[in-house]
Amino acid sequence: MHLLLINIQQLCQVETAEANRQRVNGTDMKTLPSINNAWLYIENGRIHSYGSMDEEPMIDCNDIIDLHGKLVLPTWCDSHTHLVFAAPREQEFVDRINGLSYEEIARRGGGILNSAKRLNDIDESLLYDQSLKRLHEVIAQGTAAIEIKSGYGLNLEGELKMLRVIRKLKEQNPHILIKSSFLAAHAYPVDYKQDHDGYLNLIINTMLPKVAEDGLADYMDVFCEEGFFSVADTERLLEAGLKHGLKPKIHANQLHYSGGVQVGVKYNAISVDHLECVGDEEIQVLKNSNTIPTLLPGAAFFLGMHYQPARKMIDAGLPVCLASDYNPGSCPSGNMPLLTTIACTQLKMTPEEAINAITLNGAAAMELQNEVGSIAVGKKANLIITKPMPSLAYVPYDYGNNPIEKMIINGVVL
Ligand code: NIG
Ligand code: FE
């Protein structure tokens, strides 16, 4: 199995032979290393070699695609989604237009609890079919590595149902890299409204051991937020998760300066995600850590909230990541090209910064940076071929439209 791509207008996000970067930090995010007028050769599903057409490839290959006028990028890495859910919540969208806030809707038993009710009512095979359809949609928009969370079950059976659906998505779509996070600590369920300790005990003593025993999750997630799980709750949960081998990857600082960033860093979280409420202290804490700050501006956009201070974070030297947060409440879209538009227009990220954030930094936020996220010899040949376009900036510029003409996954043209 081999394939040679020639006359690529711009081959984006390439590694040089010396530097196999693990993530892109701060001012380096301004640069997206590229080769103009390039070729790339794929063998056995992996990137074999690439270079400039000025030194034409000395490769004997019958399978050649001419990509004149088109760009080639690594496929997107979406490191934070909730795409397994039972039903949309468009009525809450209307309620917000009419003046209710996201928090008010949650306090009235809507929001996550609304999704939990629907999740517990739905048949597992129907949940799978719906989720598969969403997965196919985001693949068509360029995503080929994705993290998916539980968190709408809020009881043993419901959480296991979600995690089994994620596992089946993984098994039935082996060409897509899927990571799974256990998020029973997404909201206190109705039955435990007055008994928070009881729910924490249920997660720690009953759910976690079962999830770990069945190998159903890679990460432990907690919605650390005022009105949801406190810092003390989060500590207990993360410690328990670590005992079962689940590294933290948490929701932090969406609605308040909740201490979520600090607790995430304290437990060496792979990433802390959302970060609408981030100031100098949080930035300093992140600077002294390996934890990746993941921004979810699609949620801020859809909820009409203020945006994450991406400029300040990048200028401070952080490896900022962007992810969709695809979920039925705060962001019913997993469209990564559209996310780059929001990042550019609202967070004032440059197109290069946005693409760095959804490729190599997204891969790092799922610990997949040695497999995908950039064009490097030996990495998976997971590539986006764009429609003809004048330059990279056209991807976020041409908003709402799909920039993709074709994708190559594991060296195979889809
Ligand atoms: O990341 N904020 C917490 N969880 C999700 C939304 C969940 C929901 O509203 O269904 C988020 O935005
Ligand atoms: Fe989320």
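Residues numbered from 1 in each chain as written. Chains lettered and ligands numbered in written order. Predicted model: local features only at pLDDT ≥ 70, side-chain atom pairs only at ≥ 80, totals over all residues. Heavy atoms only, no water.

Engineer: Looking at this model, I keep getting lost on the coordination of the iron ion (ligand 2). Mind explaining?
Structural biologist: Put simply, a metal with four donors set out as a tetrahedron has ideal angles of 109.5 degrees, and one with six donors set out as an octahedron has ideal angles of 90 or 180 degrees. Distances from the iron ion (ligand 2) to its protein donors, His80 (NE2), His82 (NE2), His251 (NE2) and Asp325 (OD), fall at 2.1 to 2.2 Å. The sequence motif formed by the donor residues of the iron ion (ligand 2) is H-x1-H-x168-H-x73-D. Remark: aspartate 325 occurs in the loop between β14 (321-322) and α12 (336-346) and histidine 251 occurs in strand β11 (residues 250-252); sequence separation between them is 74 residues. Judged on exposure class, the residue histidine 251 and its partner aspartate 325 are both buried. (Donors = N, O, S within 2.8 Å, 3.2 Å for Na, K, Ca; no water. Helix = DSSP H or I, 4+ residues; strand = E, 2+ residues; numbered from the N terminus. Buried < 20%, exposed > 50% of the residue type's maximum accessible area, 1.4 Å probe, protein only.)

Engineer: Which parts of the structure should I look at to understand the domain arrangement of the protein?
Structural biologist: By a widespread convention, an interface's size corresponds to the accessible area lost as its parts come together. Splitting the protein by domain gives domain 1 (2-75 + 374-413) and domain 2 (77-364). At the interface, 34 residues of domain 1 touch 34 residues of domain 2. Overall, the association of domain 1 and domain 2 removes approximately 2,600 Å² of surface from exposure, summing both partners, and the carbon and sulfur fraction of that is 64%. When the area that domain 1 buries against domain 2 is broken down by residue, the three leading residues are Arg23, Met29 and Pro396, summing to 26%. In this structure, the connection of domain 1 to domain 2 is made through one salt bridge. One salt bridge in this structure joins lysine 30 and glutamate 353, with 3.3 Å as the shortest N-O distance. Taken together, the connections running from domain 1 to domain 2 amount to twelve residue pairs in polar contact (both at pLDDT 80 or more). Every element with two or more residues in the side of domain 1 that touches domain 2 is listed here: β5 (71-74), α15 (394-397) and β16 (404-409). Per-element tally for the side of domain 1 that touches domain 2: the top contributor is β16, with three residues. Taken together, the residues of the side of domain 1 that touches domain 2 break down into 15 nonpolar, twelve polar and seven charged. (Domains from an automatic or database assignment. Contact = heavy atoms within 4.5 Å. Buried area = accessible area lost by both parts, 1.4 Å probe. Salt bridge = Lys/Arg side-chain N within 4 Å of Asp/Glu carboxyl O. Polar contact = N/O pair within 3.5 Å; in protein donor to acceptor, adjacent residues only side chain to side chain. Nonpolar A, V, L, I, M, F, W, Y, C, P; charged D, E, K, R; others polar.)

Engineer: I'm lost on the side chain of asparagine 356 in this one. Help?
Structural biologist: Inspection of the secondary structure assignment puts asparagine 356 in helix α13 (residues 351-358). There is a polar contact of 2.9 Å between the side chain of asparagine 356 and the side chain of glutamine 13. Apart from the residues within four sequence positions on either side, asparagine 356 is in contact with Gln13, Arg21, Val24, Asp28, Met29, Thr31, Leu32 and Asn361.

Engineer: Is there a simple way to think about the side chain of serine 49 in this case?
Structural biologist: With respect to the secondary-structure elements, serine 49 resides in strand β3 (residues 46-52). Within the structure, the side chain of serine 49 is placed 2.9 Å from the side chain of histidine 48, a separation counted as a polar contact. Sequence-distant contacts of serine 49, defined by excluding residues within four places in its chain, comprise Trp39, Leu40, Tyr41, Ile59 and Val377.

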